[in-house]
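Spelled out, the chains give:
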Amino acid sequence: MSRKLDYPSAEDKALVDASQKGDMQAFEELVARHRDKIYARAFSMMRNEEEAMDLSQEAWVKAWQRLKQFQGEASFVTWMTRIVINLCLDQLRKQKRFRAESVEQLDEESGGVERQMPVVVPNPTERLERIELRQRIDRALGQLSHEHRTALILHEFEDLEYKEIAKRMGCSIGTVMSRLFYARRKMASLLAGLKREELR
Amino acid sequence: MNHETELKLQAYLDGELSESEATAIREMLARDPQARSVTDALEATRTILLANEPELKVPETREFYWSKIRRQIELGEEQGAVANAGQAAPAWWLRFLAPAGLLAVLIVLIALSLRAREGASPIWAMDDGHEIETPLEETSSFSFRSEAAAMTVVWVDSHRE
């Protein structure tokens, strides 16, 4: 005799198993658990609340439709995050927010200034509370171009290799390396600037 | 320091270099303070980002957020059911049409055969100028004529009415 699943206390795996058998209540519990993370990832890429909301919900719908394909190689939340990232990338491409630029253009448009600056090692944790620091990092991310931000998010937060990022972004590995480098340098200078403001 | 070297230093930090390339970078870091400065800056940025990924909460209640997802799921399933029904229809028609087509062919053949026996006098041409002629039904007879053999044979069916 099968026991009834206690949704709030059940592990993700049990909820996924039940969802794969058509249990929508189990799926709702998964949504409730991970919706903030999925929404946050969508927002970090799109920088727009409405788009992030729509895309995160679309990701959950797609996940339900493809649940049978989930074999558990990665965690459920990792699988979900990949779905929402792909939707965001598709949306950015549709809106042509990804530009096809050369490395030289990247130099001129976003990396050139930082490359002339002395290397800045950000150390804002000394004075900033963690929540405030996160908010400031978020604002700094918002100042990057879509290309730089996406490369940074996929590498730092999603732990993807250069090759995988290049595949997803539809560019060369060299371009990924360049975007990542400029994104990091720009973040360093933005966070260092924030620290200087804080010291005033 | 050129850009290519900067990217190599970054790739070293990200664990993207082969062992021999990584060894070369380690040697460079040991002797080049500028290279160390670049890697320190990149690593510090990475550390801060990893430890402080921005967190956000969905600006809607759990119920409202879920209700929209559920509606979309149900809508998708309804559309899927309609699409499946649409796909099933041709299969049903094909299953019906195959025997119906065969039946139609049989009916046509039988009708032609009956017509041939009842009314018309079809003529089937044979090689070498031979012909079999089936005259009117009332006579109930067949005739065979051969030009080559210069002969004609008439066969009368006395049992027909």
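Residues numbered from 1 in each chain as written. Chains lettered and ligands numbered in written order. Predicted model: local features only at pLDDT ≥ 70, side-chain atom pairs only at ≥ 80, totals over all residues.

## With respect to the overall build of chain B
The helix and strand inventory of chain B stands at 4 helices and 4 strands. The order of helices and strands in chain B, counted from the N terminus, is α-α-α-α-β-β-β-β. Residues counted as buried form 11% of the 161 residues belonging to chain B. For chain B, the proportion of contacts with a sequence separation of at least 24, taken over those separated by at least 6, is 18%. (Helix = DSSP H or I, 4+ residues; strand = E, 2+ residues; numbered from the N terminus. Buried ≥ 20, exposed ≤ 12 C-beta atoms within 10 Å, placed from the backbone. Contact = placed C-beta atoms within 7 Å.)

## Describing the overall build of chain A
Secondary structure summary: chain A contains 9 helices and 0 strands in total. The linear arrangement of helices and strands in chain A, starting from the amino end, is α-α-α-α-α-α-α-α-α. Scored against the burial criterion, the 200 residues of chain A give a buried share of 38%. Taking all contacts inside chain A whose residues are at least 6 apart in sequence as the whole, residues at least 24 apart take part in 63%.

## Quick look at the domain arrangement of chain A
Residue and element names in this part refer to chain A. For chain A, the assigned domains read domain 1 (7-94) and domain 2 (103-199). Looking at the side of domain 1 that touches domain 2, the elements with two or more residues in it are α2 (24-46) and α4 (76-94). Sort the elements by how many residues they give to the side of domain 1 that touches domain 2 and α4 lands first, with 4 residues. Taken together, the residues of the side of domain 1 that touches domain 2 break down into 4 nonpolar, 2 polar and 1 charged. (Domains from an automatic or database assignment. Nonpolar A, V, L, I, M, F, W, Y, C, P; charged D, E, K, R; others polar.)

## Considering unusual backbone geometry
Note: most peptide bonds trans; most residues except glycine with negative phi. Residues and elements named next belong to chain A. Although it is not a glycine, Arg47 adopts a positive phi angle of roughly 60 degrees. For Arg47, the position within the fold is in the loop between α2 and α3 (49-65). The partly exposed category is assigned to Arg47, around which 17 C-beta atoms lie within 10 Å. At Asp159, a position not held by glycine, the phi torsion is positive, near 60 degrees. Mapped onto the fold, Asp159 is located in the loop between α7 (146-157) and α8 (162-169).

## A word on the packing of α7 of chain A against α8 of chain A
Residue and element names in this part refer to chain A. One can describe the packing of α7 onto α8 by two numbers: an axis separation of 10 Å at closest approach and a directional angle of 140 degrees. Relative to α8, the element α7 lies oblique. Like other packed secondary-structure pairs, α7 and α8 cross with a definite hand, here right-handed. In this structure, α7 contributes Thr150, Ala151, Leu154 and His155 to the contact, and α8 contributes Ile165, Arg168 and Met169. Among the residues forming the contact of α7 with α8, the class breakdown is 4 nonpolar, 2 polar and 1 charged. (Axes fitted to C-alpha atoms, helices over the stretch in contact; angles between N-to-C directions. Parallel < 35°, antiparallel > 145°, perpendicular 65-115°, else oblique. Left-handed = near helix turned anticlockwise from the far one by under 90°.)

## Digging into the interface of chain A and chain B
One widely used convention gives an interface's size as the accessible area the parts lose upon coming together. At the junction of the two partners, chain A supplies 37 residues and chain B supplies 32 residues. Elements with a minimum of two residues in the side of chain A that touches chain B: α2, α3, α6 (130-142), α7 and α9 (173-199) of chain A. Per-element tally for the side of chain A that touches chain B: the top contributor is α2 of chain A, with 9 residues. Classifying every residue of the side of chain A that touches chain B by side-chain character gives 23 nonpolar, 4 polar and 10 charged.

## Considerations on the nonpolar core
Of all hydrophobic cores here, the largest spans 59 residues; its most connected members are Ala42, Ala59, Val84, Ala151 and Val176 of chain A. If near-sequence neighbours (up to four positions away) are discounted, Val84 of chain A is found in contact with Ile38, Arg41, Ala42, Leu55, Ser56 and Ala59 of chain A. (Core = buried A, V, L, I, M, F, W, Y, C linked by C-beta atoms within 7 Å.)

## Describing α3 of chain A
Taking 1.5 Å per residue as the helical rise, α3 of chain A with its 17 residues ought to reach 24 Å, and the 25 Å between its terminal C-alpha atoms agrees with that figure. Taken together, the buried positions of α3 of chain A are occupied by Ala52, Leu55, Ser56, Gln57, Ala59, Trp60, Ala63 and Trp64 of chain A. (Expected span 1.5 Å × (residues − 1).)

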